[in-house]
Amino acid sequence: MKKSGLFLLLFVLVAGLTSCQSSGSAGEEAPLTDANTPLHLLQPDYTTPYRVPEKREIIDVLDRVYGYLSEVTPMGLVDRASGAAVSDYAEINENTIFEKGDFRLTSYEWGVTYAGMLLAAEVTGDQRYANYTYDRLKFLAEIQPYFLKLGEEHRSYAMHSVIHPGALDDSGALCAAMIKAKLAGQEDDLDALIDNFMAYISNGQFRLEDGTLARNRPMRNSLWLDDLFMSVPALAYMGHYSGDDAYFDDAVKQVLQFSGRMFNESNQLFMHGWIQDMEEHPQFHWARANGWAVMTMVELLEVLPENYAGRAEVLALLQKHIRGLANHQGEDGFWHQLIDRNDSYLETSATAIYVYAIARAINRGYVDAQVYGPMVTLAWNAVAGQVNEKGQVEGTCVGTGMGFDPSFYYYRPISVYAAHGYGPVLLAGAEMLALLEQTHPRMNDSAIIFFPEAVQADGPIFELN
C-alpha cells in the first residue's frame, strides 16, 4: 500500500475511535468536525453522478436506445388510404407511404442515427448496430427505382424528399451516413442515392455570390448554422469516397466562410442565424446549432488529408470553439438551450453532440485529455441519465427554425419523440467507450482526473512518484 493510502486509513480509524469516544450520550451521533473526520472526502449531493463511468454502463445505455429504436422504426410500405401493406414494389404509386413508426427513416436526424449505429458497431464489435443501418439503407435503395417514375408534384409519397431533395436537410446527413456505411463494408449499391444527394448539395442548393450555402428562409440570403452539418460532412466524405478534391475544397470553404460571418471571437461561440441584408446581426447562441458546427469540424478533419489547404484553419477554429463551449458548461454537466443564458433550460441533444465531438477531438489529439476529459465525462454522465428505461431520450428540443428574440428559443418544446436526440446519444456513448480505451481517468481527492498514463493506486488520495 502506498504511504498516502496507509496514512489515510490510519486517520479514518483514529477518527472513528475519536467519534465513538466523544459522543455526548447513548444513541447520539457526534457531529462531523474537522477534528474527527476528513471533511474534504465527504461526498457532495451531486445531481449528476460524479465519477468515471464503467464501460458496461455505457453499453447498457446504447443497448437500451438500440432496443427502443429497433421496435419503433419498421421497414415497410403501406397504402395511404387503406393502410394495406405494399409488398410488391411494382404496385408503388403516389399514395404509397412508409409504414408508421415513431420516427422517419429519411430525415436528417435519422442520418445522424444511422451514423451513430455504425460507430457503436465499430467501437463495441456488436454487429447488431451496423445491421440496423445496413438493413434500412438497403431498404431505401431497393425501393428507390420504383419511386423514380412518380412526378415531383406528388409531394407526400414515401421517398419524395430523397428523390427530389428541396433543402440541405433532405440531403447532407443521410448522404454522409450512406457513404460511411459503404466505407464500413455495406455491400448494397447506394451510389444512385449518394450521387443524387451530392448533385443537390453541389448544384441545387441556393448559394450567396461567394458560394456560401444559404437559404431564402426566413428572409432572403439567410445563413443557418445548422447547414454546416447538413452539407460539409457529406462533401468531405464524398471527397474521400470519390477521390475528387473539389468536394474537399467546397467543404473547407463552407466552414471558413460561415465562421467568418457567424463565429464570435470574444466568447468563441457561433450565432444561430445570419441575414445578409441586416446591418446588425442579433446573436443567439443556440446550443444544438453550435453542436452541428463543432461536429462538422470534427467530421471534416476525420477525412481531410494532412496538410490540405485550410486544414490548419479548421483545426484552430475547432480548438477555439471547444474552449468556448467548455467555458459555458453547467454544474450538472449539461449545456443550456441558449449556451450563454443560464436561465434557459438544460438541453440533452446538444450536450450529447458536444460529448461526441469533444471526446473525438481528444481521441484524435486535437485537444488535451487532461484539460477536457473531465468535462466530457461529466457531460456523458448527464446524458446517460436522460435515457429512460424504455430507451427514449428525454430533454431534447424539437426541431427549431431561426429566431431573433430570446423567447423563441426559451420556449421551444421538448419531447422524447424529437428525433434529434438519438443519433447524438449513440455517437456520444460510442466515442466515450473509445475515450476510456485510450486514456487513463481516475478519481483522486474526489476529483475526476485524466492521467497521461495508467496509475496504480489504492487510496482515495494519492501522489505520483
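Higher on the page you've got the structure.
Rules of the game
Just so you know, the residues in each chain are numbered from 1, in the order the chain's sequence is written. Restriction of local features to residues with pLDDT of at least 70 applies here, the model being predicted, together with a cutoff of 80 or more for giving and counting side-chain atom pairs; totals for whole chains, interfaces and linings are based on all residues. With hydrogens and water excluded, all non-hydrogen atoms of the structure serve as input to the side-chain values. Only rings of Phe, Tyr and Trp enter the pairing, Trp through its six-membered ring, and a pair is recorded when the two centres are within 6.5 Å. The plane angle decides the type: under 30 degrees is stacked, over 60 is edge-to-face, the rest tilted. The numbering of helices and of strands both runs from the N terminus, where a helix is a DSSP run of H or I of at least 4 residues and a strand a run of E of at least 2. Criterion for a charge above a ring: Lys NZ or Arg CZ within 6 Å of the ring centre, and within 35 degrees of the ring normal. The convention used is that axes are lines fitted to C-alpha atoms, helices contributing only their stretch in contact, and that angles between N-to-C directions extend from 0 to 180 degrees. Here a crossing is taken to be left-handed if its near helix is turned anticlockwise relative to the far helix by less than a right angle, and right-handed if that turn runs clockwise. By definition, residues are in contact when any of their heavy atoms lie within 4.5 Å. Whether a residue is buried, partly exposed or exposed follows from its accessible area with a 1.4 Å probe, protein chains only, as a fraction of its type maximum: under 20%, in between, or over 50%, in that order. Counting of polar contacts relies on pairs of N or O atoms within 3.5 Å, with two restrictions inside protein: one atom must be capable of donating a hydrogen and the other of accepting it, and residues adjacent in sequence are counted only when both atoms are side-chain atoms.

A. Geometry of the packing of aromatic side chains. Across all of its chains, the model carries 21 aromatic pairs by this definition. With centroids separated by 5.7 Å and ring planes inclined at 35 degrees, the aromatic side chains of Phe451 and Phe462 adopt a geometry described as tilted. Placement of the pair is Phe451 in strand E10 (residues 447-451) and Phe462 in the segment after E10, with a sequence separation of 11 residues. Just above the ring of Trp224 sits the side chain of Arg215; from NZ or CZ to the centre is 4.0 Å. Sitting over the ring of Trp274, Arg261 keeps its end group 5.1 Å from the ring centre.

B. Broad picture of unusual backbone geometry. Across the junction of Arg217 and Pro218, the peptide omega takes the value 5 degrees, indicating a cis bond. Note that Pro218 resides in the loop between helix H7 (191-204) and strand E3 (222-224). Residue Gln268 is not a glycine yet carries a positive backbone phi of 60 degrees. Assignment of secondary structure puts Gln268 in the loop between strand E4 (263-264) and strand E5 (269-270).

C. Inspection of the packing of helix H4 (residues 127-147) against helix H6 (residues 168-184) at higher detail. The interhelical angle for the contact between H4 and H6, taken along N-to-C directions, is 115 degrees, at an axis separation of 11 Å. You can see that H4 and H6 cross each other, and the crossing is left-handed. Seen from H4, the contacting residues are Thr133, Tyr134, Leu137 and Leu140; seen from H6, they are Ala177, Met178, Ala181 and Ala184.

D. Quick peek at the environment of Asp405. In this structure, Asp405 sits in the loop between helix H14 (369-384) and helix H15 (406-410). A relative accessible area of 36% places Asp405 in the partly exposed class. For the pair formed by Asp405 and Asp191, sequence separation is 214 residues and the distance between their alpha carbons is 42 Å. A distance of 3.2 Å separates the side chain of Asp405 from the backbone nitrogen of Ser407, its partner in a polar contact. Separated by 3.0 Å, the side chain of Asp405 and the backbone nitrogen of Phe408 make a polar contact.

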